[in-house]
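Descriptive structure summary
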Amino acid sequence: MPYGWIGKILRIDLTNKDISVIDTMKYAPQFIGGRGISIKIAWDELKPGVGPYDPENIMIFMTGPLTGTLAPTSGRGMISSISPRVYPDPWFTRSNVGGYWAPELKYAGFDGLIIVGKAETPVYLWINDGHVEIKDAKELWGKGTLATQKILKDIHGEKVQSLCIGPAGENLVLFSTIQHNLSNASGQAGFGGVMGSKNLKAIAIRGTGGVEIADPSGFMEACKYVENLVKNGPNFVYMLAPKVAPPDRINCSAACPCNCEPRAKRNVPAKISSGFLTMMEHCLDPMFSWGWERTEYNREDVPEIKTKATPGFDGGIDVQCLNEDLGLSGWEYVNFYPWFEVFVRNGVKELKGLKLDIDSPKFWYDFIRMVANREGVGDIFADSVIRASERLKDLRVPEELWDELKRVAHFIQPAYGFPSHRLGRAAESQPSPIWIFSMLHWAFDTRDPMSSHHQSSFIEYIFPPHHGVPNPVANVPFKKIKTTYEKLFGNGDIIEPGFEPMDEKVKCAIWHQHRSCIKDSLLLCDWVFPRTFASFGSQEELDKATDLVGDIDAESKLFIPATGIEMSSKDLEKAGERIYNLERALHIRNYNRNRKVDETIEWVCELPEKTDGTKLDKDIFNKLIDTYYKFRGWNKTNAWPTKDKLKELGLEDVARVIYR
Amino acid sequence: MAGNTLEIKKETKPQRSGVIVVNKDLCSGCGICELACSLYHEGQCNPSLSRIDVEKIFLSLEFEPHVCIQCDWPSCYFECPTGAIKIDPKTGARYIDEDDCVGCGKCAEACPLMPKSEIIRYKTYEKKKIYFKCDLCKDREEGPVCVEMCPRNALSFVPMENRR
């Protein structure tokens, strides 16, 4: 048995009930785990032309070498598949989820789980200490995600950890989740529907095995060291937070020691339903309970777009709990709310009998149920905003409003059908140059990239007021931020507003993409890694520090004693580059990914940033992505990795396929 | 021989022990204590080999770590037929000497907190059961590893002299 990894990946074909085991070490350490091993498996198995709901679609549930250990924030797992929500056409992408299921999968004897095929009738998987059974799930079908998990615990024991879908997944809602525990979800990619299409209601896991560690005492020391680095949480947002979280904060995943935002709400009196509610509160849950960044996009130079991000009202927790129980993504309402606001502003008060009373919790309570069950207009909205904007006729919206409604729909879902996220336009502010990095991540990724890139964007929280952010979390002289970039990347001007120095800015974006692949593969929390910046307990401590550099070797310091494999930060970054290039190759082979697709994000960035008004033009964008392709070693005409680049990364076989 | 040990034990009032005190209201269920414990004692990360067990109460978001309370009058110690449960003179910990454990399970049966709190467990080694329980990390200079690693200060160590 290897150290860190378990060494086995379980493969289940639901059509013919074939169960087999693959050796993990075929893929490790060169693809690390999680996102990396998943993309390699997809490259090997997933043929072009497969749709999200076809039995041939593959679902990969993958852990990493640190999962199941006490490495800080290591309790997450990665899910990859073809996402039905990608617009205009579905393609392969990823969506990870925390909680306790991923460590449990390793304790049960597997690094990962590959699911193909389609069961004839509803089933669930029961994975118990190396054994797997495909079991009848007729009694579970139609049930909410909390009831489903409770029943599985009643059948298989209290320590069972399950992933499951709710009615929304069964009904193939495009933003349906795979739900776990109270509010952990693989949310953004609509993978609930993929499980639903396979008639797979749930995966119940229990294991009593362990993860072998190469150097137990060295690993313990490394964990202690990193725990102290990360204890006050994501390094920008919580720069000055205390190192011990208040008791009402319950972390979202196993092995997380951080003082972070997710927190428990126990026994909250319900407002709409009856009784009491207990739930976790994430950055996306409060949008119903207390509203979240309600600033309007209200610039004189863009008169037609004035959107608030989210609602927020008493009784919001009821709405969020229902949403999770039915298996829907809460993130989606950053789209629906501003979109419905345009209807209301233009005098559309109802849609086929659904009154657009969008500031009332009752409206959302009903709306969510209609969507999850695809009842009435819920059937149209179940396909999310951008696809619903193509059915305005079916919604009986007056024709003179179609153009504006379509434009706003595209504005709030600017690329690939994913909600705008940290672009400085529809949702959060991102003063220059932060939005430029965000845009580069959006341009080349296969989804909303922010779930893997918060660290390059969170710096917004310490930008001094003169850079457009009204309330920085800490008082950090801009000079200190520059010194830190200088030490990390060799040039402090990277963090100056504007597009120059372009070479350095682009290289910095590429570095962050590789670091994303590393943390998504080990797996560690995106909010917390890499530790580019340090955290401090107080403003005084911060003032005393000569620079703000954290420790970007933290991942490697955990990886080496856990696995016994000497991989420095540079080696891990090379693996990150391999993973990023293989993702690109898969998208070239299966979906004809090209330069034109990379340009999808451009138009929205030609609109001014929300707070500082900075914007893009076509020439600068062309220069930026030419520079990007140059440093990537990609051909700038078709955006393919060159043969030399693939060879350098040990991907000669991949080169042979795409260049055949 | 074993019989004699038992009789002697019953006549002696055992030395008191230090103890790990749990404040369950501070516990966030991260499980770092379990993983640190199994890593220190068994060289692997495995909650099932941990001497501390964090109960996660689904739907109520409550957590309760269970760990041996190192009784003043330890039934496990008195019931062990082979003398495998010993008392560490430095910490007072009631611990199982693996070399002497025959896997009979009398200790777990005798424990007043079992089976609700899973604090005496067994592992299987070469088809033999070996029981294990919290030994307060008696050989570790810094004291119990779970206490040191808990990020919420939900666990604390009270040495025998301070125990009420």
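Numbers given for residues are sequential positions, taken from 1 along each chain in its written order. A letter from A marks each chain and a number from 1 marks each ligand, given out in the order of writing. In view of the model being predicted, local features appear only for residues whose pLDDT reaches at least 70, and side-chain atom pairs are presented and counted only at 80 or more, with totals across whole chains, interfaces and linings using the full set of residues.

**Thoughts on the overall build of chain A**
Our working definition: Counting from the N terminus, the helices are DSSP H or I runs at least four residues long and the strands are E runs at least two residues long. Radius of gyration means the value over C-alpha atoms here, while the globule rule gives 2.2 Å times the residue count to the 0.38 power. Burial is judged by counting the other C-beta atoms within 10 Å of a residue's own C-beta: 20 or more makes it buried, 12 or fewer makes it exposed, and any count in between marks it as partly exposed, with every C-beta position built from the backbone.
Within chain A, the secondary structure is distributed over 25 helices and 19 strands. Expected size for 660 residues packed as a compact globule is a radius of gyration near 26 Å; at 23 Å, chain A falls within 12% of this value. When its C-alpha atoms are laid out on the principal axes, chain A stretches across 65 × 60 × 60 Å. Going through the 660 residues of chain A one by one, you find that 59% of them count as buried.

**With respect to the interface of chain B and chain A**
Think of interface size as the accessible area that goes away when the parts come together; that is how it is often given. Just so we agree on the cut-off: A residue pair is marked as a contact if its C-beta atoms, positioned from the backbone, fall within 7 Å. Only Asp, Glu, Lys and Arg are considered charged in this grouping, and only Ala, Val, Leu, Ile, Met, Phe, Trp, Tyr, Cys and Pro are considered nonpolar; every other residue, Gly among them, is considered polar.
Of the residues lining the interface, 26 residues belong to chain B; the matching set on chain A comes to 33 residues. Going through the elements one at a time, α2 (32–42) and β2 (44–45) of chain B are the ones with two or more residues in the side of chain B that touches chain A. At six residues, α2(B) tops the list of elements feeding residues into the side of chain B that touches chain A. In the side of chain B that touches chain A, the residues fall into 14 nonpolar, 10 polar and two charged.

**Quick look at the sheet that holds strand β11 (residues 184–186) of chain A**
Through backbone hydrogen bonds, the strands of a sheet pair up, either in parallel or in antiparallel fashion. Residues and elements named next belong to chain A. Worth spelling out the cut-off: A pair of strands is treated as paired once DSSP finds two or more bridges between them. Convention adopted: a line fitted to C-alpha atoms gives each axis, helices being fitted over their contacting stretch, and angles between N-to-C directions are expressed from 0 to 180 degrees.
Read from one edge to the other, the open sheet built from six strands follows the order β8-β7-β12-β9-β10-β11, with strand pairing classed as mixed. The open sheet has two free edges, formed respectively by β8 (131–136) and β11, since each of these has just one partner strand. Mean inter-strand twist for the sheet, computed between neighbouring axes without regard to direction, equals 20°. Sheet topology places strand β9 (residues 161–164) next to strand β10 (residues 178–180); two bridges connect them, and they run antiparallel. The partner of Cys-164 across the bridge, within β10, is Gln-179.

**Thoughts on the domain arrangement of chain A**
Residue and element names in this part refer to chain A. Applicable threshold: Start and end points for every domain follow an automatic or database-based domain assignment.
Annotation of chain A at the domain level lists domain 1 (8–206), domain 2 (256–412) and domain 3 (434–658). Its C-alpha centre places domain 2 at a distance of 30 Å from the equivalent point of domain 3. Taken together, the contact pairs eight residues of domain 2 with eight residues of domain 3. Taken together, the residues of the side of domain 2 that touches domain 3 break down into six nonpolar, no polar and two charged.

**Topic: the sheet that holds strand β1 (residues 8–13) of chain A**
All names here are of chain A. Strand order in this open sheet of six strands is β2-β1-β6-β3-β4-β5, and the pairing throughout is mixed. The open sheet has two edge strands with one neighbour each: β2 (18–23) and β5 (91–97). Strand after strand, the sheet turns through a mean of 20° between neighbouring axes, direction not considered. Bridge analysis of strand β3 (residues 59–62) against strand β6 (residues 112–116) gives four bridges, and the strand direction is antiparallel. Considered in β6, the bridge of Phe-61 is made with Leu-113. Of the strands in this sheet, β3, β4 (77–83), β5 and β6 touch helix α1 (residues 34–45), which is tilted by about 150° from β3.

**Overview of the packing of helix α9 (residues 333–345) of chain A against helix α13 (residues 402–412) of chain A**
Residue and element names in this part refer to chain A. Filter applied, for reference: Here roughly perpendicular refers to angles of 65 to 115 degrees, roughly parallel to angles under 35, roughly antiparallel to angles over 145, and oblique to all remaining angles. By convention the crossing between two helices is left-handed if the near helix lies anticlockwise of the far one by an angle smaller than a right angle, and right-handed if it lies clockwise.
Look at α9 against α13: their axes get within 10 Å of each other, and the N-to-C directions meet at 160°. What the angle tells us is that α9 and α13 run roughly antiparallel. α9 and α13 meet at a crossing whose hand is right-handed. Counting all contacts with α9, which are made through Asn-335, Pro-338, Trp-339 and Val-342, the residues of α13 involved are Glu-404, Leu-405, Val-408, Ala-409 and Ile-412. Residue composition of the contact of α9 with α13, grouped by class: seven nonpolar, one polar and one charged.

**A short note on the pairing of β4(A)**
All names here are of chain A. With seven of seven residues buried, β4 lies mostly within the body of the structure. As judged from the three bridges shared by β3 and β4, these two strands associate in the antiparallel manner. Within β4, the residue paired with Met-62 across the bridge is Met-78.

**Concerning the pairing of strand β7 (residues 123–128) of chain A**
All names here are of chain A. With five of six residues buried, β7 is to be regarded as a mostly interior element. Relative to strand β12 (residues 200–206), β7 runs parallel, the two sharing six bridges. Each residue of the ladder has a partner; that of Ile-127, found in β12, is Ile-205. As consecutive antiparallel partners, β7 and β8 are separated by two residues, and within that stretch Asp-129 has a phi angle of approximately 45°, a positive value.

**What to know about α2(B)**
For an α-helix, the turn length of 3.6 residues means that residues three or four places apart are oriented alike. Counting buried positions along α2(B) yields nine of 11 residues, so the element is predominantly enclosed. Within α2(B), burial applies to Ile32(B), Cys33(B), Glu34(B), Leu35(B), Ala36(B), Cys37(B), Ser38(B), Leu39(B) and Tyr40(B). Buried residues along α2(B) sit in contact with α6 (216–230) of chain A together with β2, β3 (53–57), β4 (62–66), α5 (145–149) and β9 (155–158) of chain B. Following α2(B) by one or two positions, Gly43(B) adopts a phi angle in the positive range, close to 75°.

**Considering the packing of α6(A) against helix α19 (residues 554–563) of chain A**
Residues and elements named next belong to chain A. Put simply, α6 and α19 touch, their axes get as near as 8 Å, and they point 160° apart. When the axis of α6 is compared with that of α19, the two are roughly antiparallel. The handedness of the crossing between α6 and α19 is left-handed. Only Ala-554, Lys-557, Leu-558, Pro-561 and Ala-562 of α19 make contact with α6, whose side of the interface consists of Gly-218, Phe-219, Ala-222, Cys-223, Tyr-225, Val-226 and Leu-229. Grouping the amino acids of the contact of α6 with α19 by side-chain chemistry returns 10 nonpolar, one polar and one charged.

**Some thoughts on unusual backbone geometry**
Leaving glycine aside, a negative phi is the common case for residues, and trans is the common case for peptide bonds. Residues and elements named next belong to chain A. That bond from Tyr-87 to Pro-88 is cis: its omega, 5°, falls within 30 degrees of zero. Relative to the elements of secondary structure, Pro-88 occurs in the loop between β4 and β5. With omega at 5°, the peptide bond leading from Ser-432 into Pro-433 counts as cis. Relative to the elements of secondary structure, Pro-433 occurs in the loop between α13 and α14 (434–444). One non-glycine residue, Asp-129, adopts positive backbone phi at about 45°. Relative to the helices and strands, Asp-129 resides in the loop between β7 and β8. Using a count of 13 C-beta atoms within 10 Å as the deciding quantity, one classes Asp-129 as partly exposed. One non-glycine residue, Arg-396, lies in positive phi territory at about 60°.

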